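Residue strings, one per chain:
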Amino acid sequence: MSTPVAASGSVWIQTGPIQRQFPRLEGDVRADFAVIGGGIVGITTALLLREAGASVALLEAGQLARGVTGHTTAKVSSQHGMIYSQLRKRFGRDAARTYGQVNESALEWIAERVQRDAIDCDFRRQSSYAYVTSPSQRSQAEDEAQAAGEAGLPAWLVQTTPLPYGIESAVRFDDQAEFHVRKYLLALVDGLAEDDGCQIFEHTRAVQVDSADSVVRTPGGRVRAGRIVVATHYPFLDRSLAFARVHPQRSYAIVCRIAGAPPEGMFISADSPTRSVRAVPVDGEELLLVGGEGHKTGTGGDTQQRYRRLEEFAREHWDVRSVDYSWSAQDNSTVDGLPYVGKLTPRSDRVLMATGFAKWGMTGGTAAAHLLGDLLLERENASAALFDPNRLNLRASAGELVKENVQVGLRFVGDRVTKRGSRPIEDLRPGEGDIVRVGGEIVAGYRDDLGELSAVSPTCTHLGCRVNWNTAERSWDCPCHGSRFSPAGDVLQGPAVHRLERKPLA
Ligand SMILES: Cc1cc2nc3c(=O)[nH]c(=O)nc-3n(C[C@H](O)[C@H](O)[C@H](O)COP(=O)(O)OP(=O)(O)OC[C@H]3O[C@@H](n4cnc5c(N)ncnc54)[C@H](O)[C@@H]3O)c2cc1C
Ligand code: FES
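Q: Please clarify how the overall build of the protein should be interpreted in this entry.
A: When its secondary structure is counted, the protein shows 11 helices and 24 strands. Taken over C-alpha atoms, the radius of gyration comes to 22 Å for the protein, in line with the 23 Å a tight globule of 506 residues would show. Along the three orthogonal principal directions, the C-alpha set of the protein runs to about 65 × 55 × 50 Å. Expressed as a percentage of its 506 residues, the buried residues of the protein come to 53%. Expressed as a percentage of contacts within the protein between residues at least 6 apart in sequence, the contacts between residues at least 24 apart total 70%.

Q: What is the right way to look at the site of ligand 1 in this model?
A: By nearness alone, 39 residues border ligand 1, and Gly37, Gly39, Gly67, Thr72 and Gly361 come closest of all. Among the elements of the structure, α2 (40-51), β11 (246-258), β15 (320-334) and α9 (361-376) are those that each provide at least two residues to the shell around ligand 1. The dominant element in the shell around ligand 1, judged by the number of residues it contributes, is α9, at 4 residues. Here the residues of the shell around ligand 1 are counted per class, giving 16 nonpolar, 18 polar and 5 charged.

Q: Just to check I follow, could you spell out the packing of helix α4 (residues 93-116) against α9 for this structure?
A: Packed helices, taken two at a time, are described by their axes: the angle between them and the distance between them. One can describe the packing of α4 onto α9 by two numbers: an axis separation of 8 Å at closest approach and a directional angle of 90°. Relative to α9, the element α4 lies roughly perpendicular. Counting all contacts with α4, which are made through Val102, Asn103, Ser105, Ala106, Leu107, Trp109 and Ile110, the residues of α9 involved are Thr363, Gly364, Thr366 and Ala367.

Q: Teacher, can you tell me more about the pairing of strand β19 (residues 441-447) here?
A: Successive side chains on a regular strand alternate, one facing one side of the sheet and the next facing the other. Buried residues dominate β19, accounting for 5 of its 7 residues. Sheet analysis places strand β18 (residues 433-438) next to β19, joined by 6 bridges and oriented antiparallel. Looking at β19, one finds that Ile435 is bridged to Ala444. Hairpin connection of β18 to β19: 2 residues between the antiparallel strands, including Gly439 at a positive phi of 60°. The pairing of β19 with strand β20 (residues 453-456) spans 4 bridges and is antiparallel. Each bridged residue has a counterpart across the sheet, and for Arg447 the counterpart in β20 is Leu453. The turn linking β19 back onto β20 is made up of 5 residues, and Gly451 within it adopts a positive phi angle of 95°.

Q: I would appreciate a short explanation of the sheet that holds strand β24 (residues 491-493) in the present structure.
A: Where strands meet in a sheet, backbone hydrogen bonds hold them as pairs that are either parallel or antiparallel. Spatially, β21-β22-β23-β24 is the arrangement adopted by the 4 strands of the open sheet, whose pairing is antiparallel. Two strands lie at the open edges of the sheet, namely β21 (468-470) and β24, each paired on one side alone. When strand β23 (residues 484-485) meets β24, the two strands line up antiparallel, connected through 2 bridges. The partner of Phe485 across the bridge, within β24, is Val491.

Q: So what exactly am I meant to see when it comes to the environment of Arg315 here?
A: Mapped onto the secondary structure, Arg315 falls in helix α8 (residues 304-317). Note on Arg315: 14 C-beta atoms within 10 Å, which makes it partly exposed. Note: C-alpha distance between Arg315 and Cys256 (59 residues apart in sequence) is 9.7 Å.

Q: Just checking my understanding: could you explain α8 for this structure?
A: Spacing of three or four residues puts side chains on the same side of an α-helix, whose turn is 3.6 residues. A rise of 1.5 Å per residue sets the reference length of α8, with its 14 residues, at 20 Å; its end C-alpha atoms lie 21 Å apart and thus fit the reference within 8%. All of the buried residues in α8 are Arg306, Tyr307, Leu310, Glu311 and Ala314. The buried residues of α8 occupy an angular sector of 135° when projected down its axis, which confines them to one face. Projecting away from the buried face of α8 at angles above 90 degrees are the exposed residues Glu312 and Glu316.

Q: Help me out: how do you make sense of the domain arrangement of the protein in this one?
A: Reports of interface size often rely on the accessible area that becomes lost once the parts have come together. Partitioning the protein into domains gives domain 1 (13-72 + 183-244 + 337-393) and domain 2 (425-493). Of note, the centres of domain 1 and domain 2, computed from C-alpha atoms alone, are 30 Å apart.

Q: Is there a simple way to explain the sheet that holds β20 in this structure?
A: In space, the 3 strands of this open sheet follow the order β18-β19-β20, with antiparallel pairing throughout. Unpaired on one side and paired on the other, β18 and β20 mark the two borders of the sheet. Sheet twist, expressed as the mean angle between neighbouring strand axes with direction ignored, is 45°.

Q: What's the story with unusual backbone geometry in this structure? I'm lost.
A: Of all residues except glycine, most have a negative phi; of all peptide bonds, most are trans. Residue Pro273 is reached from Ser272 by a cis peptide bond, and omega for that bond is -5°. Counting through the fold element by element, Pro273 comes out in the loop between β12 (266-269) and β13 (275-282). Unlike most non-glycine residues, Ala74 shows phi in positive territory, near 60°. You can see Ala74 is positioned in the loop between β2 (56-59) and β3 (75-76). With 27 C-beta atoms counted inside 10 Å, the residue Ala74 sits in the buried group. The residue His233 is not glycine, and still its phi comes out positive at about 75°. Looking at the element boundaries, His233 is found in the loop between β10 (221-230) and α7 (242-245).

Q: Looking at this model, I keep getting lost on the environment of Ile18. Mind explaining?
A: Tracing the backbone through its elements, the reader meets Ile18 in the loop between α1 (11-14) and β1 (27-36). Accessibility expressed as a C-beta count within 10 Å gives 6 for Ile18, which makes it exposed. In sequence terms Ile18 and Lys183 are 165 residues apart; their C-alpha atoms lie 9.6 Å from each other.

Q: Sorry, what's going on with the nonpolar core here?
A: Counting residues in each nonpolar core, the largest one holds 122 residues, and the members touching the most others are Phe33, Ala34, Ile36, Val56, Leu59, Ile254 and Leu372. In terms of residues, this core owes the most to one element, α9, which gives 8 residues. With residues up to four places along the chain from it excluded, the contact list for Leu59 reads Leu25, Ala34, Ile36, Phe201, Thr204, Ala206, Val216, Thr218 and Val223.

What counts and how
Residues numbered from 1 in each chain as written. Chains lettered and ligands numbered in written order. Predicted model: local features only at pLDDT ≥ 70, side-chain atom pairs only at ≥ 80, totals over all residues. Helix = DSSP H or I, 4+ residues; strand = E, 2+ residues; numbered from the N terminus. Rg over C-alpha atoms; globule rule 2.2 N^0.38 Å. Buried ≥ 20, exposed ≤ 12 C-beta atoms within 10 Å, placed from the backbone. Contact = placed C-beta atoms within 7 Å. Near = placed C-beta within 6 Å. Nonpolar A, V, L, I, M, F, W, Y, C, P; charged D, E, K, R; others polar. Axes fitted to C-alpha atoms, helices over the stretch in contact; angles between N-to-C directions. Parallel < 35°, antiparallel > 145°, perpendicular 65-115°, else oblique. Pairing = 2+ DSSP bridges. Expected span 1.5 Å × (residues − 1). Arc of directions from axis to C-beta. Domains from an automatic or database assignment. Core = buried A, V, L, I, M, F, W, Y, C linked by C-beta atoms within 7 Å.

Here is the structure:
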């Protein structure tokens, strides 16, 4: 198979089980809790609330487990790159220990659930390695091994790995895991679907939440619930101030058929460029997954090159026979590097959120679901303060906060003074999108493979930045907070909840 220059699809979606369909919400319903968003956070939260005896309404804008969760690399590990030395420095030893413990507990909870319910999801134990290749980064690995050990994690400093290329130093975590995320989650969904206490609605986008009377509004109806969880990946409610403190980063993955077996273990480089490696069993064969090429959403340049570079890396180190799956997705980071899990605003007892897993949401999202469950059911949870979205840790976050918001401001202003949009829409080639002109008006124009032109407003319906064309995914991506739209303007990913306005061609 040739070099992927556009996404051919996620291995988890293309090889997963046939998915149950759920109806759109039409009319009004009631539940003890409403959970908005059906990824790993929303599904796990709904399950935990149901198992505690509460009634739940789970709302999903598209289909369950097809958002970021359906486009992950599905390592189930408390090793999150080399995070523990950073956590120790920014937040102190106790915080690093708490972070490690909640992620290890989440890993074990998933392992027990898989075993208890006999979920066939390719779950298997693996060692996880975070490595550096440059001698100048050696001390980083040493610090990390020490910080992770101090946090009570099964961490070892090693000089070799099963990878076919040399490294300078690595931190190995024992007893970690990997799985097929959709086989796992859709098994949990099967349980919820059989349960009268859980109402599930797909193709149902929440467009507003009224905190005062605890109502979720969707185009087809409303959910009245005692309390509400916003598990929409990027919180779409601006009163969370997420737009100032949560930043999405896109990255890419390919899955290849290779001669011989992939290396035993899961791997991630801690120096640049980031490369993530694991094996993926498909129909009895072990394929090789390679990931990386992260960049801020909407600013990736020629995104087709990203797939090419991953394939070049794979070919440099393995005998690649074909590239069978390729996809990209984005995950959010917070300004201080820790997820936000808890009350949406300091005064919103009724609305909670979870976001900011920085590409570690398998354990992070599962841990978040446990914390959300405890907060909703008014149970003690020792990690609540650490993940509180309304924490104020100026020392850890001030620099990032200023940097990110200056960048958003510059994009907002820059969009209005650059010369983009000088060529006419008729110049677009088949498959091309760009900011172009129709008469005197600047539009986001697209010509499909059959030559048909279409145009939408280039102004993101979230907070008004100008969208950019993503060549590999054929989407309009907003550089400010990561909303994404189809060529025709439909919302692919929030925080935007409204489509780009259609523009006439003449
Ligand atoms: C390339 C990549 C690789 C990764 N690899 C790993 C890994 O190896 N290990 C790991 O631990 N983590 C990994 N992650 C991170 C992990 O995949 C994510 O953190 C996690 O899946 C996020 O889950 P979620 O439930 O928050 O979001 P999602 O899965 O996106 O779920 C949110 C859902 O909310 C829905 N929604 C959005 N807005 C609305 C609305 N207004 N109304 C109703 N529904 C709405 C969406 O359609 C979506 O289905 C990776 C991430 C990326 C991008
Ligand atoms: S995503 Fe916020 S302005 Fe576009």
